[in-house]
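A structural walkthrough
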Amino acid sequence: IKDMAHSLSIKTRFTGQCSKLYTVGTHSIRVACVASLLAYQEGHDPDLAYDYGISHDAAEAYICDAPSPVKPFLIGFKEIEDKNESAILKHLNLPPMSLSMKRIVKQADTILAKIEVAELFPTLREEDWPSLKDVEVSPVVRIAANGGLSEPKDVEEFLVQEFNYVQSRNKK
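Residues numbered from 1 in each chain as written. Predicted model: local features only at pLDDT ≥ 70, side-chain atom pairs only at ≥ 80, totals over all residues. Heavy atoms only, no water.

**Some details on the confidence of the model for the protein chain**
Rules: pLDDT measures the predictor's confidence residue by residue and takes values from 0 up to 100. Where helices and strands are cited, they refer to DSSP runs of H or I of at least four residues and of E of at least two residues respectively, numbered from the N terminus.
The predicted model of the protein chain has a mean per-residue pLDDT of 90, with 98% of residues at 70 or higher. At the level of individual helices and strands, the protein chain shows its lowest average pLDDT in helix α6 (residues 139-145), which scores 79, and its highest in helix α3 (residues 46-55), which scores 96.

Below, the structure written as C-alpha coordinates:
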(Lines give C-alpha, C1' and ligand atoms only; values in the text may rest on other atoms or scores of the structure.)
Protein backbone atom coordinates (compact mmCIF):
# COMPACT_ATOMS: atom_id res chain seq x y z
CA ILE A 1 0.00 0.00 0.00
CA LYS A 2 2.81 2.40 0.89
CA ASP A 3 4.59 1.93 -2.45
CA MET A 4 1.34 2.35 -4.37
CA ALA A 5 0.44 5.54 -2.49
CA HIS A 6 3.94 6.95 -2.90
CA SER A 7 3.97 6.37 -6.65
CA LEU A 8 0.49 7.82 -7.21
CA SER A 9 1.36 10.88 -5.12
CA ILE A 10 4.19 11.87 -7.47
CA LYS A 11 3.00 10.63 -10.89
CA THR A 12 1.57 13.47 -12.90
CA ARG A 13 -1.69 13.53 -14.82
CA PHE A 14 -1.84 14.52 -18.49
CA THR A 15 1.79 13.38 -19.03
CA GLY A 16 2.93 16.31 -16.90
CA GLN A 17 1.72 18.93 -19.36
CA CYS A 18 -0.38 20.81 -16.77
CA SER A 19 -0.01 24.45 -15.77
CA LYS A 20 0.85 23.27 -12.23
CA LEU A 21 1.75 20.02 -10.46
CA TYR A 22 -1.26 17.72 -10.50
CA THR A 23 -0.87 14.07 -9.56
CA VAL A 24 -2.74 10.85 -10.23
CA GLY A 25 -3.18 10.57 -6.45
CA THR A 26 -4.95 13.94 -6.20
CA HIS A 27 -7.10 13.00 -9.19
CA SER A 28 -8.01 9.66 -7.57
CA ILE A 29 -9.10 11.33 -4.33
CA ARG A 30 -11.34 13.71 -6.26
CA VAL A 31 -12.79 10.88 -8.41
CA ALA A 32 -13.59 8.94 -5.23
CA CYS A 33 -15.58 11.87 -3.83
CA VAL A 34 -17.56 12.39 -7.05
CA ALA A 35 -18.15 8.64 -7.52
CA SER A 36 -19.50 8.42 -3.97
CA LEU A 37 -21.91 11.29 -4.63
CA LEU A 38 -23.08 9.84 -7.95
CA ALA A 39 -23.62 6.41 -6.37
CA TYR A 40 -25.65 7.95 -3.55
CA GLN A 41 -27.77 9.90 -6.05
CA GLU A 42 -28.47 6.67 -7.96
CA GLY A 43 -29.22 4.51 -4.91
CA HIS A 44 -25.95 2.55 -4.97
CA ASP A 45 -23.45 2.06 -2.14
CA PRO A 46 -21.51 5.34 -1.86
CA ASP A 47 -18.76 3.78 0.29
CA LEU A 48 -18.08 1.10 -2.30
CA ALA A 49 -18.09 3.71 -5.08
CA TYR A 50 -15.57 5.72 -3.05
CA ASP A 51 -13.37 2.63 -2.66
CA TYR A 52 -13.42 1.93 -6.40
CA GLY A 53 -12.95 5.60 -7.20
CA ILE A 54 -9.87 6.04 -5.05
CA SER A 55 -8.30 2.89 -6.51
CA HIS A 56 -9.43 3.33 -10.14
CA ASP A 57 -6.00 4.45 -11.41
CA ALA A 58 -3.90 2.52 -8.87
CA ALA A 59 -2.43 0.31 -11.61
CA GLU A 60 -0.55 3.42 -12.76
CA ALA A 61 1.64 2.96 -9.69
CA TYR A 62 3.16 -0.08 -11.40
CA ILE A 63 2.74 0.54 -15.12
CA CYS A 64 3.06 3.88 -16.80
CA ASP A 65 -0.11 5.32 -18.22
CA ALA A 66 -0.40 6.37 -21.82
CA PRO A 67 -2.36 9.29 -23.24
CA SER A 68 -5.95 8.23 -23.98
CA PRO A 69 -5.71 8.80 -27.75
CA VAL A 70 -2.66 6.49 -27.90
CA LYS A 71 -3.96 3.60 -25.76
CA PRO A 72 -5.98 1.84 -28.50
CA PHE A 73 -2.79 1.44 -30.55
CA LEU A 74 -0.79 -0.21 -27.76
CA ILE A 75 -1.40 -3.89 -28.31
CA GLY A 76 -1.79 -5.76 -25.02
CA PHE A 77 -1.79 -2.60 -22.87
CA LYS A 78 -5.43 -2.97 -21.76
CA GLU A 79 -4.84 -6.58 -20.70
CA ILE A 80 -1.77 -5.62 -18.65
CA GLU A 81 -3.69 -2.74 -17.06
CA ASP A 82 -6.66 -5.02 -16.28
CA LYS A 83 -4.42 -7.67 -14.64
CA ASN A 84 -2.78 -5.02 -12.47
CA GLU A 85 -6.16 -3.56 -11.52
CA SER A 86 -7.50 -7.01 -10.59
CA ALA A 87 -4.49 -7.70 -8.37
CA ILE A 88 -4.89 -4.33 -6.65
CA LEU A 89 -8.62 -4.82 -6.05
CA LYS A 90 -7.88 -8.25 -4.58
CA HIS A 91 -5.17 -6.77 -2.33
CA LEU A 92 -7.67 -4.14 -1.15
CA ASN A 93 -10.26 -6.89 -0.53
CA LEU A 94 -12.57 -5.42 -3.16
CA PRO A 95 -14.60 -7.67 -5.44
CA PRO A 96 -14.50 -7.10 -9.20
CA MET A 97 -16.51 -4.01 -10.12
CA SER A 98 -20.11 -4.49 -11.17
CA LEU A 99 -21.21 -2.89 -14.42
CA SER A 100 -23.08 -0.18 -12.52
CA MET A 101 -19.99 0.66 -10.44
CA LYS A 102 -17.81 0.71 -13.57
CA ARG A 103 -20.24 3.16 -15.14
CA ILE A 104 -20.33 5.38 -12.04
CA VAL A 105 -16.54 5.48 -11.69
CA LYS A 106 -16.12 6.13 -15.43
CA GLN A 107 -18.67 8.94 -15.20
CA ALA A 108 -16.85 10.45 -12.21
CA ASP A 109 -13.52 10.13 -14.04
CA THR A 110 -14.93 11.87 -17.13
CA ILE A 111 -16.49 14.66 -15.06
CA LEU A 112 -13.14 15.18 -13.33
CA ALA A 113 -11.37 15.29 -16.70
CA LYS A 114 -13.62 18.17 -17.74
CA ILE A 115 -13.00 20.03 -14.47
CA GLU A 116 -9.25 19.34 -14.59
CA VAL A 117 -8.89 20.54 -18.17
CA ALA A 118 -10.53 23.85 -17.21
CA GLU A 119 -8.31 24.15 -14.11
CA LEU A 120 -5.02 22.96 -15.56
CA PHE A 121 -5.13 24.13 -19.18
CA PRO A 122 -6.49 27.67 -18.97
CA THR A 123 -5.60 28.56 -22.56
CA LEU A 124 -7.53 25.69 -24.13
CA ARG A 125 -11.01 26.14 -25.48
CA GLU A 126 -13.80 23.60 -25.04
CA GLU A 127 -13.59 22.66 -28.73
CA ASP A 128 -9.98 21.57 -28.16
CA TRP A 129 -11.37 18.63 -26.11
CA PRO A 130 -14.42 17.47 -28.13
CA SER A 131 -14.86 14.31 -26.04
CA LEU A 132 -15.67 16.50 -23.02
CA LYS A 133 -18.02 18.91 -24.81
CA ASP A 134 -21.28 17.29 -23.70
CA VAL A 135 -20.15 16.38 -20.17
CA GLU A 136 -22.35 18.16 -17.65
CA VAL A 137 -21.00 19.17 -14.26
CA SER A 138 -23.71 20.05 -11.77
CA PRO A 139 -22.96 22.50 -8.94
CA VAL A 140 -23.21 19.69 -6.36
CA VAL A 141 -20.74 17.56 -8.30
CA ARG A 142 -18.41 20.56 -8.69
CA ILE A 143 -18.45 20.97 -4.90
CA ALA A 144 -17.71 17.26 -4.38
CA ALA A 145 -14.78 17.56 -6.80
CA ASN A 146 -13.46 20.73 -5.22
CA GLY A 147 -10.24 20.73 -3.32
CA GLY A 148 -8.14 17.70 -2.98
CA LEU A 149 -4.64 17.64 -1.65
CA SER A 150 -1.86 18.92 -3.85
CA GLU A 151 1.41 18.41 -1.98
CA PRO A 152 2.79 14.96 -2.85
CA LYS A 153 3.65 14.10 0.78
CA ASP A 154 0.10 14.99 1.91
CA VAL A 155 -1.39 12.99 -0.97
CA GLU A 156 0.80 9.99 -0.12
CA GLU A 157 -0.17 10.05 3.57
CA PHE A 158 -3.85 10.38 2.73
CA LEU A 159 -3.72 7.53 0.20
CA VAL A 160 -1.93 5.21 2.65
CA GLN A 161 -4.62 5.95 5.22
CA GLU A 162 -7.46 5.48 2.74
CA PHE A 163 -6.08 2.33 1.08
CA ASN A 164 -5.60 0.76 4.52
CA TYR A 165 -9.15 1.76 5.44
CA VAL A 166 -10.53 0.32 2.20
CA GLN A 167 -8.60 -2.91 2.78
CA SER A 168 -9.82 -3.31 6.36
CA ARG A 169 -13.42 -2.30 5.64
CA ASN A 170 -13.76 -4.89 2.87
CA LYS A 171 -12.20 -7.84 4.71
CA LYS A 172 -14.34 -10.91 4.59
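**Brief notes about the pattern of salt bridges**
The line we're drawing: Here a salt bridge means any side-chain nitrogen of Lys or Arg lying within 4 Å of a carboxyl oxygen belonging to Asp or Glu. Classification of residues uses two cut-offs on accessible area relative to the type maximum, computed with a 1.4 Å probe and protein chains only: under 20% is buried, over 50% is exposed, and between them is partly exposed.
Throughout the structure, instances matching the rule amount to nine salt bridges. R103 is the partner of E42 in a salt bridge, and the nearest nitrogen-oxygen pair spans 2.5 Å. Of this pair, E42 sits in the loop between α2 (24-41) and α3 while R103 sits in helix α5 (residues 99-120), placing them 61 residues apart in sequence. By relative accessible area, E42 is classed as partly exposed at 35%. The partly exposed category is assigned to R103, whose relative accessible area is 40%. Across the pair D134 and K133 runs a salt bridge whose closest N-O atoms are separated by 4.0 Å. In terms of burial, D134 and K133 fall into one category: exposed.

**Observations concerning the nonpolar core**
Applied cut-off: The criterion is simple. A nonpolar core is a set of buried Ala, Val, Leu, Ile, Met, Phe, Trp, Tyr and Cys residues joined through side-chain atoms within 4.5 Å. By the convention used here, residues are in contact when the closest approach between their heavy atoms is within 4.5 Å.
Counting residues in hydrophobic clusters, the biggest one holds 49 residues, and the most contacted among them are L8, I54, L159 and F163. Secondary structure elements with two or more residues in this core: α1 (2-10), α2, α3, α4 (77-91), α5, α6 and α7 (152-169). It is α5 that contributes the most residues to this core, 10 residues altogether. Residue contacts for L8: discarding those within four places in its chain leaves T23, V24, G25, D57, A58, E60, A61, L159 and F163.

**Some words on the packing of aromatic side chains**
As a reminder of what qualifies: Pairing of aromatic side chains here covers Phe, Tyr and the six-membered ring of Trp, requires ring centres within 6.5 Å, and sorts the geometry by plane angle: under 30 degrees stacked, over 60 edge-to-face, intermediate tilted.
Counting across every chain of the model gives three aromatic pairs. On the basis of an interplanar angle of 90° and a centroid distance of 5.2 Å, the ring pair of F14 and F121 is categorised as edge-to-face. Taken together, the positions of F14 in the loop between α1 and α2 and F121 in the loop between α5 and α6 put the pair 107 residues apart, joining distant regions of the chain. By relative accessible area, which is 14% here, F121 ends up buried. Between F14 and W129, the aromatic rings sit 6.0 Å apart at their centres with planes inclined by 85°, giving edge-to-face as the arrangement. Of this pair, F14 sits in the loop between α1 and α2 while W129 sits in the loop between α5 and α6, and the two are 115 residues apart along the sequence.

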